[in-house]
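# Chain and residue survey
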Amino acid sequence: MVLKVFFPSCCSSADSGILIGRWISEQNSAVILAVVHFPFIPVQVKQYLGELQRVTKVSVSVLGSWSNSKQEKEERLSQFLEDLGTIFSHEPWIQISKEGDSKFWSCSTLQKHSNNPKEEEIILVYYDQRKVMLSHLHPPLDTADGRAEDASKLSAIFDTVARSRVLFMTDRYDEGPIKLTHWQSDGVEASIIVELMKQASVPACMLLAFLLSLVSGVCRSRVLKFWPLSFLWSKLSTCEQLGHRLQHLQVISSNKKAQNQPQLMRKANIFVSLLIDVALGILLMSWLYRKNRIGHLADTLIPVADHVAEELQDLLQWLMGAPAGLKMNRALDQVLGRFFLYHIHLWISYIHLMSPFIEMILWYVGLSACLGLTVALCILSDIIALLTFHIYCFYVYGARLYCLKIYGLSSLWRLFRGKKWNVLRQRVDSCSYDLDQLFIGTLLFTILLFLLPTTALYYLVFTLLRLLVVIVQGLIHLLVDLIDSLPLYTLILRLCRSYRLAAGVKFRVLEQQDGKPLRLLMQINPLSYGAVVQTYRLPTYSCYPKDSWASLCKKLFLGELIYPWKHKGEKQD
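Residues numbered from 1 in each chain as written. Predicted model: local features only at pLDDT ≥ 70, side-chain atom pairs only at ≥ 80, totals over all residues. Heavy atoms only, no water.

## Thoughts on the overall build of the protein chain
For clarity, the cut-off: Helix numbers and strand numbers start at the N terminus; a helix is a DSSP run of H or I with at least 4 residues, a strand a run of E with at least 2. A 1.4 Å probe rolled over the protein chains alone gives each residue an accessible area, and that area as a share of the maximum for its type sets the label: buried under 20%, exposed over 50%, partly exposed in between. We call two residues contacting when some pair of their heavy atoms lies within 4.5 Å. Calculation of accessible area relied on Shrake-Rupley with a 1.4 Å probe; when residues are assessed, cover is drawn exclusively from the protein chains displayed.
Secondary structure summary: the protein chain contains 16 helices and 15 strands in total. Counting only residues that meet the buried cut, the protein chain has 41% of its 573 residues in that class. Counting only contacts in the protein chain whose residues sit at least 6 apart along the sequence, the fraction spanning at least 24 positions is 71%. Looking at the protein chain as shown, the accessible area adds up to about 33,400 Å², and 63% of this sits on carbon and sulfur atoms.

What follows is the structure, encoded as structure tokens:
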């Protein structure tokens, strides 16, 4: 049998005493947590360990003795340490001794109550107690090849050290009957600023929670469920982003304590994401209001809108002629061209009517950047949607007309083959038509077929324009989702204190000497950056359609409306 002893490296220079820790019988391992120094009273040690077990729910006991003879080895001390095994009666009783400044320690076990004592091979594993206590061991993403079983064995060691945090709150300056050596024995880490922030955060969180409850109550009121407001709330990405951030504020201001490490990390990621988002928004707001950039932007917006309208008029004039040498149906071409030109004329009139108020609107919109960069980006996306509303109308008109002709041609094609679409059973059935129906169907099929190229050309041009607007809005929403979902706190933690996010451990073999136990150094393997993002990624409010390229091409061919994203609970048209 192989006995593994996990010894904290901070206790290597501790004075002689007894070893307290946890015995894991399933793994035949001993996790040493601290060293109790002389002098001590065994009854007080047992009482202290009993109280520690009640608080930490960890079976902490005396596992053996530790001898650190800085001068010549003392026989009386070693005999006394050996006799302590009869008082605390732990099987096996581990004896670790260090002579002077030697790196090679002696390690043995005693089994006084065993009839057939066996010699066990001992492996001494050194570990950094502070890093192991503060780290969180993540389960492997790939559970094959017995990795899950190895992770469960390691988690028992990490869990033992983490749950024994109360033990490490006692340092050598405490006036108690028991003196301990562990990673905080030289003084418990504390910060007056952190304690003051903890005390001040309680009333601040209560006030914030009360205000958020009022805001959420207004948002859930029946007034917002009526048609115009409910429609705007579902279509404007700014409203969706504000609701998303409101949920985040409710999470971080909640009085409910995080139950486990993932919930704590989620709260920290949300808090850092909000903090950086608001900081970037304030920087953007300060840049906009400096040197009258809002006025320059308002003065540039009207000429740009006029230029876009002129380009669209030139495009429509080109389509009303002979585009690329194609022979179009002149009557339909003129009707569609004049119809769209009239819409552009209405749009230009609307823009010039709003021109005196654009600077004031942009000035108030710029103030919304204090709510965060993501809110400002969502407002920009909504402004682009409003400024390109005429392009969207052109796309809808062309798509509906093209879709009507495609479905009409497909229905008339079934008429030629003696088929019809059964609406009740949702299938194609046989049907007999008389001569008049076939004659009218032939005339309609011929008319729709010869008018299809003209309609298809208008549909193709306006679809490309719509896709250009969709790509710009999609890039903006991709940036918003990146800021919302990126676990910034966890990434900063991975960069600065990588041991806090443990993916596993590795053992490095130290220098060996004959007759001495095998010495290993346990080091923590941190999670990769990709695994950090995959594990702690925050959910976002928008969900992009996961259609394949074949499905998108089919929708384009059939003239179905395509949107760049769809909100939760909202179906695509």
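## A word on the UniProt feature "transmembrane region" (unreviewed entry) in the protein chain
Using the following cut-off: UniProt positions are given in the numbering used here, feature names are shortened, and annotations may be inferred rather than shown by experiment.
Here, the residues flagged by UniProt with the feature "transmembrane region" (unreviewed entry) are residues 200-219, 270-289, 335-354, 361-388, 394-416, 437-461 and 467-492. Helix and strand shares over residues 335-354 are 100% and 0% respectively, and the end C-alpha atoms of the span are 29 Å apart. When the span residues 394-416 is considered, its composition is 100% helix and 0% strand, and the gap between its end C-alpha atoms is 33 Å.

## What to know about the environment of glycine 100
By the secondary structure assignment, glycine 100 is in the loop between strand 5 (93-99) and strand 6 (106-110). Taking relative accessible area as the criterion, glycine 100 reaches 18% and is therefore assigned buried. C-alpha separation for the pair glycine 100 and serine 13, spaced 87 residues apart in sequence, amounts to 9.8 Å.

## Here we look at the side chain of threonine 455
Its location among the elements puts threonine 455 in helix 13 (residues 435-485). By relative accessible area, threonine 455 is classed as buried at 1%. Not counting residues within four places of it along the chain, the set of residues in contact with threonine 455 comprises Leu332, Leu401, Tyr402 and Lys405.

## Regarding the pairing of strand 11 (residues 427-430)
This is how it is decided: Strands are labelled as partners when DSSP assigns at least two bridges between them.
Relative to strand 11, strand 10 (residues 419-422) runs antiparallel, the two sharing 4 bridges. Along strand 11, the bridge assignment pairs lysine 419 with serine 430.

## Digging into the state of the cysteines
Test applied: A pair of cysteine sulfur atoms is labelled a disulfide when the two atoms are within 2.5 Å.
Within this structure, the stated rule accounts for 0 disulfides. Cysteine 11 forms no disulfide, and the closest cysteine sulfur to it belongs to cysteine 10, at a distance of 4.0 Å.

## Some details on the side chain of histidine 182
The cut-off we apply is this: Pairs of N or O atoms within 3.5 Å make up the polar contacts considered here, provided that, within protein, one atom can donate a hydrogen while the other can accept it, and that residues adjacent in sequence are counted only when both atoms are side-chain atoms.
Locating histidine 182 in the fold gives a position in the loop between strand 9 (180-181) and helix 5 (192-219). Among the polar contacts made by the side chain of histidine 182, one reaches the main-chain amide nitrogen of glutamine 184 at a distance of 3.1 Å.

## Some details on the packing of aromatic side chains
Quick reminder of the rule: Here the aromatic set is Phe, Tyr and Trp, taking the six-membered ring for Trp, and pairing holds for ring centres within 6.5 Å; pairs whose planes are under 30 degrees apart are stacked, those over 60 apart are edge-to-face, and all others are tilted. Here, over-ring charges are defined by two tests on the NZ atom of lysine or the CZ atom of arginine: distance to the ring centre within 6 Å, and angle to the ring normal within 35 degrees.
A full pass over the atoms with the stated rule returns 19 aromatic pairs. An angle of 35° between the planes, with centres 5.3 Å apart, marks the rings of phenylalanine 7 and tryptophan 66 as tilted. Remark: tryptophan 66 occurs in strand 4 (residues 60-69) and phenylalanine 7 occurs in strand 1 (residues 2-8); sequence separation between them is 59 residues. Across the pair, tryptophan 66 and phenylalanine 7 agree in class, each one buried. Look at phenylalanine 168 and tryptophan 183: their rings are 6.5 Å apart centre to centre, the planes differ by 65°, and that puts the pair in the edge-to-face class. In this pair, phenylalanine 168 is assigned in the loop between helix 4 (147-163) and strand 9 and tryptophan 183 in the loop between strand 9 and helix 5, connecting sequence segments 15 residues apart. Phenylalanine 168 sits in the buried class, given a relative accessible area of 0%. Through a chain of ring-to-ring contacts, three or more aromatic side chains come together here, namely Phe339, Phe340, Phe394, Tyr397, Tyr458 and Phe462. The ring centre of tyrosine 529 lies 4.6 Å from the NZ or CZ of arginine 494, which sits over that ring.

## A few points about helix 13
Note the following rule: How far a helix is expected to stretch is found by multiplying one less than its residue total by 1.5 Å. Bend at a residue means the angle formed by two fitted axes: the first through the 7 residues ending at that position, the second through the 7 residues beginning there.
Between its first and last C-alpha, helix 13 extends only 64 Å over 51 residues, short of the 75 Å set by a 1.5 Å rise per residue. A maximum bend of about 40° is found in helix 13 at leucine 452, where proline proline 453 lies one to four positions downstream.

## Things to note about the packing of helix 9 (residues 293-319) against helix 10 (residues 330-367)
The following threshold applies: All axes here are fitted lines through C-alpha atoms, helices being fitted over the stretch that makes contact, and every angle between N-to-C directions spans 0 to 180 degrees. Relative orientations are named as follows: roughly parallel for angles under 35 degrees, roughly antiparallel for angles over 145 degrees, roughly perpendicular for angles from 65 to 115 degrees, and oblique for any other angle. Residue polarity is assigned by list, with Asp, Glu, Lys and Arg as charged and Ala, Val, Leu, Ile, Met, Phe, Trp, Tyr, Cys and Pro as nonpolar; anything else, Gly included, falls into the polar class.
Contact geometry for helix 9 and helix 10: axes closest at 10 Å, N-to-C directions at 180°. Taken together, helix 9 and helix 10 sit at an angle that is classed as roughly antiparallel. When grouped by side-chain class, the residues that make up the contact of helix 9 with helix 10 number 18 nonpolar, 6 polar and 3 charged.

## Quick word on the environment of serine 355
Within the secondary structure layout, serine 355 lies in helix 10. When the C-alpha positions of serine 355 and alanine 298 are compared, they lie 8.4 Å apart, and in sequence the two are 57 residues distant.

## Structural notes on helix 9
The end-to-end C-alpha separation of helix 9 is 39 Å, in line with the 39 Å expected for 27 residues at 1.5 Å each. Taken residue by residue, helix 9 has Ile294, Gly295, Ala298, Ile302, Ala305, Ala309, Leu312, Leu316 and Leu319 as its buried positions. On its buried side, helix 9 packs onto helix 8 (261-288), helix 10, helix 12 (389-416) and helix 13.

## Remarks on the pattern of salt bridges
Let me state the cut-off plainly: A pair is scored as a salt bridge if a Lys or Arg side-chain nitrogen falls within 4 Å of a carboxyl oxygen belonging to Asp or Glu.
Tallied over the entire structure, the rule returns 4 salt bridges. Two residues, glutamate 511 and lysine 103, come together in a salt bridge whose shortest N-O distance is 2.9 Å. Taken together, the residues span a long stretch of sequence, with glutamate 511 in the loop between strand 12 (501-509) and strand 13 (518-526) and lysine 103 in the loop between strand 5 and strand 6 at a distance of 408 residues. Of the charged contacts, one joins aspartate 484 and arginine 245 as a salt bridge, the two residues approaching to 2.9 Å between their closest N and O atoms. Here the residue aspartate 484 occupies a position in helix 13, and arginine 245 occupies one in helix 7 (residues 237-252), the gap between them amounting to 239 residues. One exposure class covers both aspartate 484 and arginine 245, and it is buried.

## Regarding the packing of helix 7 against helix 8
We apply this condition: Handedness of a crossing follows from how the near helix is turned relative to the far one, being left-handed for an anticlockwise turn of less than a right angle and right-handed for a clockwise one.
Between helix 7 and helix 8, whose axes approach to 10 Å, the crossing angle comes to 130°. In terms of orientation, helix 7 lies oblique with respect to helix 8. Like other packed secondary-structure pairs, helix 7 and helix 8 cross with a definite hand, here left-handed. Between helix 7 and helix 8, the contacting residues are Arg245, His248, Leu249, Val251 and Ile252 on the first element and Arg266, Lys267, Ile270, Phe271, Ser273, Leu274 and Asp277 on the second.

## Points about the environment of glutamate 240
Within the fold, glutamate 240 resides in helix 7. On the basis of relative accessible area, glutamate 240 is assigned to the buried category, the value being 18%. Glutamate 240 sits 135 residues away from valine 375 along the chain, and the two C-alpha atoms are 9.5 Å apart.

## A few points about a nonpolar patch on the surface
Spelled out, the test is: In this scheme, patches are assembled from residues that exceed 30% relative accessible area and form no salt bridge. Like charges are connected within 9 Å, while nonpolar side chains (Val, Leu, Ile, Met, Phe, Trp, Tyr) are connected within 5 Å.
A cluster of nonpolar side chains, contributed by Phe357, Met360, Ile361, Trp363, Tyr364 and Leu367, occupies part of the molecular surface with about 600 Å² of accessible area. Looking at the secondary structure, you find tryptophan 363 in helix 10.

## Some words on unusual backbone geometry
Notably, asparagine 28 is not glycine yet its phi reads approximately 55°, a positive angle. Owing to a relative accessible area of 11%, asparagine 28 belongs among the buried residues under this scheme. The backbone of lysine 291 sits at a positive phi, close to 60°, despite the residue not being glycine. You can see lysine 291 is positioned in the loop between helix 8 and helix 9.

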